[in-house]
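Listed here are the chains, written in short residue letters.
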Amino acid sequence: MSPSGLRFSDTRFLLILLLPGFSVLSIGSGAAQAGWWTLAILFTVAALDAFMPGGQRSPPPLAETERGTRVMLWVVRLYVPVQLALLVVGAMAAATASWFTVLGLSFAVGFVTGAQGITLAHELGHSRNRFDRFLAWVLMTSVNYSHFMVEHYRGHHPRAATWEDPASARQGESLWQFFPRTLAGSFLSAWRLEGLRLSQHGRSWLSSPLAWCLALNVAVVLALWSLFAIQIVAFWIGQSIMAIALLETVNYIEHYGLQRKTSPAGQREPFAMAHAWNADHVVSNSLLANLQRHSDHHMHAWKPFPTLQALPGPQLPTGYAGCLMLAALPPVWFAVMHPRLAALQGRPAG
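These numbers come from a predicted model, not from an experiment.

Q: How would you summarise the side chain of S284 if you had to cite specific residues and measurements?
A: Mapped onto the elements, S284 comes out in helix α10 (residues 282-287). Residue S284 is classed as buried on the basis of its relative accessible area, which comes to 2%. Beyond its immediate chain neighbours, meaning those up to four positions away, S284 contacts V45, D49, Q292, G319 and Y320.

Q: Talk me through the environment of A46; I want residue IDs and the actual numbers.
A: Of note, A46 is situated in helix α2 (residues 34-51). On a C-alpha basis, the gap between A46 and G319 in space is 6.9 Å, while along the polypeptide they are 273 residues apart. Ignoring sequence-local partners within four residues, the contact set of A46 consists of A321, G322 and M325.

Q: Tell me about the nonpolar core, and please be specific about residues and values.
A: Counting 83 residues, the largest nonpolar core has M140, Y252, I253, Y256, L316 and W333 as its most contacted members. Broken down by element, the residue count for this core peaks at 12 residues, all from helix α9 (residues 230-254).

Q: Hey, could you go over unusual backbone geometry for me, with residue numbers and the actual values?
A: Only a minority of non-glycine residues have a phi that is not negative, and only a minority of peptide bonds are not trans. A positive phi angle, near 60°, is found at F228, a position not held by glycine. If you trace the backbone, F228 turns up in the loop between α8 (209-226) and α9. Looking at F228, the relative accessible area reads 71%, which means it is exposed. At A289, a position not held by glycine, the phi torsion is positive, near 50°. Tracing the sequence through the fold places A289 in the loop between α10 and α11 (294-299). Residue classification places A289 among the buried residues on the basis of a relative accessible area of 4%.

Q: Lay out the packing of aromatic side chains in plain terms, naming residues and giving numbers.
A: Counted according to the given criterion, the structure contains 11 aromatic pairs. An angle of 70° between the planes, with centres 5.5 Å apart, marks the rings of W176 and F179 as edge-to-face. Separated by 3 residues within a single helix, W176 and F179 lie in helix α7 (residues 175-201), roughly one turn from each other. Pairwise contacts between aromatic rings join F178, Y252, Y256, W333 and F334 into one cluster. The positively charged end of R77 is found above the aromatic ring belonging to W74, 4.5 Å away from the centroid. Between R170 and the ring centre of W163, over which it is positioned, the NZ or CZ distance is 4.3 Å.

Q: Give me the lowdown on the pattern of salt bridges, citing residues and values where you can.
A: Counting across every chain of the model gives 9 salt bridges. For E194, the salt bridge is made with R154, and the minimal N-O distance between the two is 2.8 Å. Taken together, the residues E194 in helix α7 and R154 in helix α6 (residues 148-159) connect sequence positions 40 residues apart. A relative accessible area of 34% places R154 in the partly exposed class. Bridged by salt links that share partners, the residues R57, D280 and R293 form one connected network.

Q: Explain a nonpolar patch on the surface to me, and be specific about the residues and the numbers.
A: A surface patch of nonpolar side chains, about 420 Å² in accessible area, is lined by W36, F100 and L103. Tracing the chain through its elements places W36 in helix α2.

Rules behind the numbers
Residues numbered from 1 in each chain as written. Predicted model: local features only at pLDDT ≥ 70, side-chain atom pairs only at ≥ 80, totals over all residues. Heavy atoms only, no water. Helix = DSSP H or I, 4+ residues; strand = E, 2+ residues; numbered from the N terminus. Buried < 20%, exposed > 50% of the residue type's maximum accessible area, 1.4 Å probe, protein only. Contact = heavy atoms within 4.5 Å. Core = buried A, V, L, I, M, F, W, Y, C linked by side-chain atoms within 4.5 Å. Phe/Tyr/Trp six-rings, centres within 6.5 Å; stacked < 30°, edge-to-face > 60°. Lys NZ or Arg CZ within 6 Å of the ring centre and 35° of its normal. Salt bridge = Lys/Arg side-chain N within 4 Å of Asp/Glu carboxyl O. Patch = residues over 30% accessible without salt bridge, like charges linked within 9 Å, V, L, I, M, F, W, Y side chains within 5 Å. Areas by Shrake-Rupley, 256 points an atom, 1.4 Å probe, with all protein chains shown as cover.

All quantities given are derived from atomic positions and should not be read as evidence of function.
And the structure:
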């Protein structure tokens, strides 16, 4: 351990700032190539997860009281202005770009705002700190998906790995079947939950951050449209679509085919480590703030990400980067995952 109290192994989380920083530089040096660089990064991370010697195990967790935990939480907070800067740089590049370049910019920036921005919004939203939760709203509003801030914490966490949860994929359900179900179900559930909260507290929709964030999203698009900034509108919406697609693909992966028992009276089995898929690959865990230690996260939702443990629950074949590509090809995904599900359920594969 260094004299500062920060272990060298824990500085790996500084990679969180590397991807958006690299994206800003790649856009500045040639916006047309940004999308290709992003694909190269995805394949590189997947390859490192799969083949790097020792890359399948991340370092042990920190204690919540360790200085390294506090330092890494500030890295997550610092990410927020970095993402806002990335969106501004992307919009400026899109303003005078060709439509093909706008598409590439949307893909490149949306990859960052989805893979890291939504992941870190998720972490900040679980914080007990009020300002952290405000930063989470900022990040989710920047990808036009603020209802996540209601549905994830009040909907998904209580219902994860049940058929009541639109963000939990069922065995045999392809990613492309899952998308419309989770997109519609999560949106409607969030507004129902927010309406219930407001009713219970005797408040109007004027006091709802969800309503204000939606109004802000609509206002931004209308303002840009009125200024004839059509390419910026396309970039703004395009990066959001990419970010949302990444989020929902990760949701698909995290609980695929796993199911908690529900009693005839409707009482759910407590969430256990058997109800989420895990991966402990060091590169993707470093970029994604230990999100792949997913069982421990669901069992202890308030734990800061550096303190999450690698539990011996269901294990993915590789990190999320590789699983994104597997999930996009349903026959391949089923061929890889169904034998794992059969082994967990104690039955023959097939």
